[in-house]
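# Geometric and topological summary
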Amino acid sequence: MATPDTTITQNTDGASGAAAPNGKGPDGETPSLSSQTQAVHAGEKRYISHDSVTVPIVQTSTYTFEDTASLINYMEEHMFWDVPEREEYGRYGNPTVRAAESKLAALDGAEDALLLSSGMAAITTTLFILLSQGDHFVMTEDCYRRTRGFCNTFLTRFGITCTTVAPGDYDAIEAAIGPATKLIFSESPTNPFLRCVDYARLVDIAKRHGLRTIIDTTFATPCNVRPLEYGVDLAIHSVTKYLAGHNDLLAGCVTGSFSITTALRQSQGILGAIVDPHCAYLILRGLKTLGLRMRQHNESALRIARYLEDHPMIRRVWYPGLESHPDHDVATRTMSGYGGVISFEVEADGPTTSRFIDACNIARIGPSLGGVESLIEQPGLVSYFDTAPEDRLALGITDELVRLSVGIEDTDDLLADFEQALSKM
Ligand SMILES: Cc1ncc(COP(=O)(O)O)c(C=O)c1O
C-alpha cells in the first residue's frame, strides 16, 4: 500500500489567533511529521491564551478596534486580498475556525483550507465560483445523489452544463471534453460503489486539456490518500463524516492552492455558508483522533468485507480492499487504507434485506457515514427513496443494496452481530 509522505506544521507565532494560511510555522520550517502527529498538533499555536492546551472557542460575531486609526489601517492593509492577522466580522473569519482550517490544510498537504457549513456547501460554493455561464464540466457518475442533482439540474439553470461518465472510463472522460470544458469533478472512493480514481491518469488528461481537477475525497480522508500530491487542484471533504468523526456536526472543507481558496473565501463572505466557532472546536477535537480512528475503520472494514464476500447470503460486495473490486489495483497503488464504507447486495429481495438490517443490534439504521458509530442503510430507502425505481436501478441502486459504514466498535462484536442478523433472514 502507498504511504503518503506527510510534512509540516505547528503554528508557533505570537498573539494573533490566526494560524498562517499555509499552516506553516513563522520560520517556514517544514519538519517531516506523520499525519497522526499533524492531526494532533498542526494549525495550533504552542502557547495560547490562559496557557490552555486546547484552542479556545472564540465565541463572538464581531471584533472591535481600539480606535479609528487602527480600523482604517486594517481596512487599507487587508481589505480584499490578504488573510488578515486579526478578524473584522464573524462571516469573514474566526480564530477557532482558522486553527481548524490550518490543521486541515496541513493534513492534506495544501497551501490553504476553507471550512464551510456542510460538505454540500463546499461543493456548491466551489462549483459556483469556478464555473460561469456557458461553461461545461465532466463528472463521474457514481456519486452522492445531492451532488449529482446540483450538477445536473441546479447548475443548468445558470447555463452551466455537465457530462456524466462512468467512473474508471478515462477514454469517456477525455471524449467528453470540449471547448467549453473547464474542470473534471469526481468523488474517490465514490458513494456508494467505492470506485477509486487513478489520480495520475486523471491529472494527465486534465493537464493536456488545461482543465482543473476536483476530487471529493470524503470517503478516503488524508490518512488514506492525499489527492493534491498527485497534482489534483482541489480536494473537497464532507467534514461531517470521518474528519469530525462523531456524527455530531455538519461541515465541509476545500483544500488547495492559496489563490483558489482566497477566491472561495471571498465568495463565502458573500454567500455566507460559514461554520460557527463551536463547530470548529469540535472539528479540531475530532481531528486529533483521526489517525487512530481511520486505522480502526480501515482494519475493521477490510475484515468485515472479506467476511461478507464469503457469506452465502451475500450476492456481491463492493470494497476497494477486495480483489474483486474493479479498482482494487488503483486503490492499492494510491491509498494507504481502503476506508470504512462497504456496499453489498444481499441474496434476497428488498423486504428480506430490511429484515437483516432490522436484526442488527450494533449498527444503527441511518444515513451518513464516517462516524464512530456503525451505520447501515438501504440506499434505495434513504437517498433514493423518492427516485423512480427505473432511474435508481440504472445507477445500480437495487432494493437489496446495503451501505454499511463501519464504526470503531470491536470488529469481533460487529462480525458476531452480522452473523446473527444474517441468520434471521
Ligand atoms: C461523498 C460525499 N460528499 C459530500 C456529501 C455531503 O456532505 P454534507 O452532508 O456534509 O453536506 C456526502 C454526504 O453524504 C457524501 O457522501
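What you are looking at is a predicted structure, and each value in this text was computed from that prediction instead of being measured.

## A closer look at the overall build of the protein
Along its length, the protein carries 15 helices and 12 strands. For the protein, the C-alpha radius of gyration of 22 Å lies close to 22 Å, the compact-globule estimate for 425 residues. Considered along the principal axes of its C-alpha atoms, the protein spans approximately 75 × 50 × 35 Å. A total of 425 residues make up the protein; the buried ones form 47% of that total. Look at the contacts in the protein between residues 6 or more apart in sequence, and 74% of them connect residues 24 or more apart.

## Some points on the pairing of strand β1 (residues 112-116)
In terms of burial, β1 is largely enclosed, as 5 of its 5 residues are buried. Covered by surrounding structure in β1 are D112, L114 and L116 together with A113 and L115, the residues of both alternating faces. As paired elements, β1 and strand β7 (residues 252-256) share 5 bridges and run antiparallel to each other. Looking across to β7, one finds that A113 is bridged to T255.

## Section: unusual backbone geometry
Residues S188 and P189 are joined by a peptide bond in cis, for which omega reads -15°. Mapping P189 onto the fold places it in the loop between β4 (181-187) and α7 (199-208). Residues N191 and P192 are joined by a peptide bond in cis, for which omega reads 10°. Here P192 shows up in the loop between β4 and α7. In the Ramachandran plot, T221 falls in the positive-phi region, its phi being about 70° despite a non-glycine side chain. Inspection of the secondary structure assignment puts T221 in helix α8 (residues 221-224). With phi around 50°, N247 is a residue other than glycine that occupies positive phi space. Inspection of the secondary structure puts N247 in the loop between β6 (234-238) and β7. By the C-beta count within 10 Å, which is 18 here, N247 ends up partly exposed.

## Examining the sheet that holds strand β9 (residues 341-346)
The mixed open sheet is built from 5 strands, whose spatial order is β8-β9-β12-β11-β10. Either end of the sheet is taken by a strand with one partner, and the two such strands are β8 (314-318) and β10 (364-365). Here helix α13 (residues 350-359) sits on the sheet and contacts β9, β10, β11 (375-377) and β12 (401-405); the angle it forms with β9, its principal contact strand, is near 135°.

## With respect to the sheet that holds β4
With respect to topology, 7 strands assemble into an open sheet ordered β1-β7-β6-β5-β4-β2-β3, the strand pairing being mixed. Pairing within the sheet leaves two strands with one partner each, and these edge strands are β1 and β3 (161-165). Each strand axis lies, on average, 20° off the axis of its neighbour in the sheet, ignoring direction. Of the strands in this sheet, β1, β6 and β7 touch helix α9 (residues 258-271), which is tilted by about 25° from β1.

## Side note on the domain arrangement of the protein
For the protein, the domain assignment lists domain 1 (35-288) and domain 2 (293-422). Of note, the centres of domain 1 and domain 2, computed from C-alpha atoms alone, are 27 Å apart. Facing 22 residues of domain 1, the contacting portion of domain 2 comprises 28 residues. Per-element tally for the side of domain 1 that touches domain 2: the top contributor is α8, with 3 residues. Looking at the side of domain 1 that touches domain 2, its residues break down into 11 nonpolar, 7 polar and 4 charged.

## Quick notes on the packing of helix α3 (residues 95-108) against helix α10 (residues 277-288)
It is the contact of α3 with α10, at a shortest axis distance of 8 Å, that shows an interaxial angle of 30°. Along this stretch, α3 crosses α10, giving a crossing that reads as left-handed. The segment α3 lies against α10, with T96, V97, A99, A100 and K103 engaging P277, A280, Y281, I283, L284 and L287. For the contact of α3 with α10, the class distribution of residues is 9 nonpolar, 1 polar and 1 charged.

## Remarks on the site of the ligand
With respect to spatial proximity, the complete set of residues near the ligand consists of S118, G119, M120, Y144, E187, N191, D216, T218, S238, T240, L250 and G252. Per-class residue counts for the shell around the ligand are 3 nonpolar, 7 polar and 2 charged.

## A closer look at the confidence of the model for the protein
Taken over all residues, the pLDDT of the protein has a mean of 91, while the share at 70 or more is 92%. Scored below 50 in pLDDT, residues 3-30 makes 74 contacts in the model with residues more than four places away or belonging to other chains.

## A look at helix α4 (residues 119-130)
Helix length check: α4 (12 residues) gives 17 Å between terminal C-alpha atoms against 16 Å at 1.5 Å per residue, within 8%. Within α4, burial applies to G119, A121, A122, I123, T124, T125, T126 and L127. Buried residues belonging to α4 abut β1, α5 (145-154), β5 (212-216), β6, β7 and α9.

## Some thoughts on the environment of F385
Residue position: F385 is located in the loop between β11 and α14 (389-394). With 11 residues separating them in the primary sequence, F385 and G396 have C-alpha atoms 14 Å apart.

## Points about the nonpolar core
Counting 103 residues, the largest nonpolar core has L115, L116, A251, C253, A280, I283 and I342 as its most contacted members. Summarising the domain contributions, this core has at least three residues from each of domain 1 (35-288) and domain 2 (293-422). When neighbours within four sequence positions are excluded, A251 is seen to be in contact with L115, L116, S117, S118, V239, T240, A244, V275, C279 and I283.

## A short note on the packing of helix α11 (residues 290-310) against helix α15 (residues 411-422)
Axes are the key here: two packed helices are described by the angle between their axes and the distance separating the axes. Axis separation between α11 and α15 bottoms out at 10 Å; the angle between their running directions is 25°. Our classification of the angle between α11 and α15 gives roughly parallel. Between α11 and α15 lies a crossing whose hand is right-handed. Contacts from S300, R303, I304 and Y307 in α11 reach T411, L414 and L415 in α15. Taken together, the residues that form the contact of α11 with α15 break down as 4 nonpolar, 2 polar and 1 charged.

Procedures and definitions
- Residues numbered from 1 in each chain as written.
- Predicted model: local features only at pLDDT ≥ 70, side-chain atom pairs only at ≥ 80, totals over all residues.
- Helix = DSSP H or I, 4+ residues; strand = E, 2+ residues; numbered from the N terminus.
- Rg over C-alpha atoms; globule rule 2.2 N^0.38 Å.
- Buried ≥ 20, exposed ≤ 12 C-beta atoms within 10 Å, placed from the backbone.
- Contact = placed C-beta atoms within 7 Å.
- Pairing = 2+ DSSP bridges.
- Axes fitted to C-alpha atoms, helices over the stretch in contact; angles between N-to-C directions.
- Domains from an automatic or database assignment.
- Nonpolar A, V, L, I, M, F, W, Y, C, P; charged D, E, K, R; others polar.
- Left-handed = near helix turned anticlockwise from the far one by under 90°.
- Near = placed C-beta within 6 Å.
- pLDDT = per-residue confidence, 0-100.
- Expected span 1.5 Å × (residues − 1).
- Core = buried A, V, L, I, M, F, W, Y, C linked by C-beta atoms within 7 Å.
- Parallel < 35°, antiparallel > 145°, perpendicular 65-115°, else oblique.

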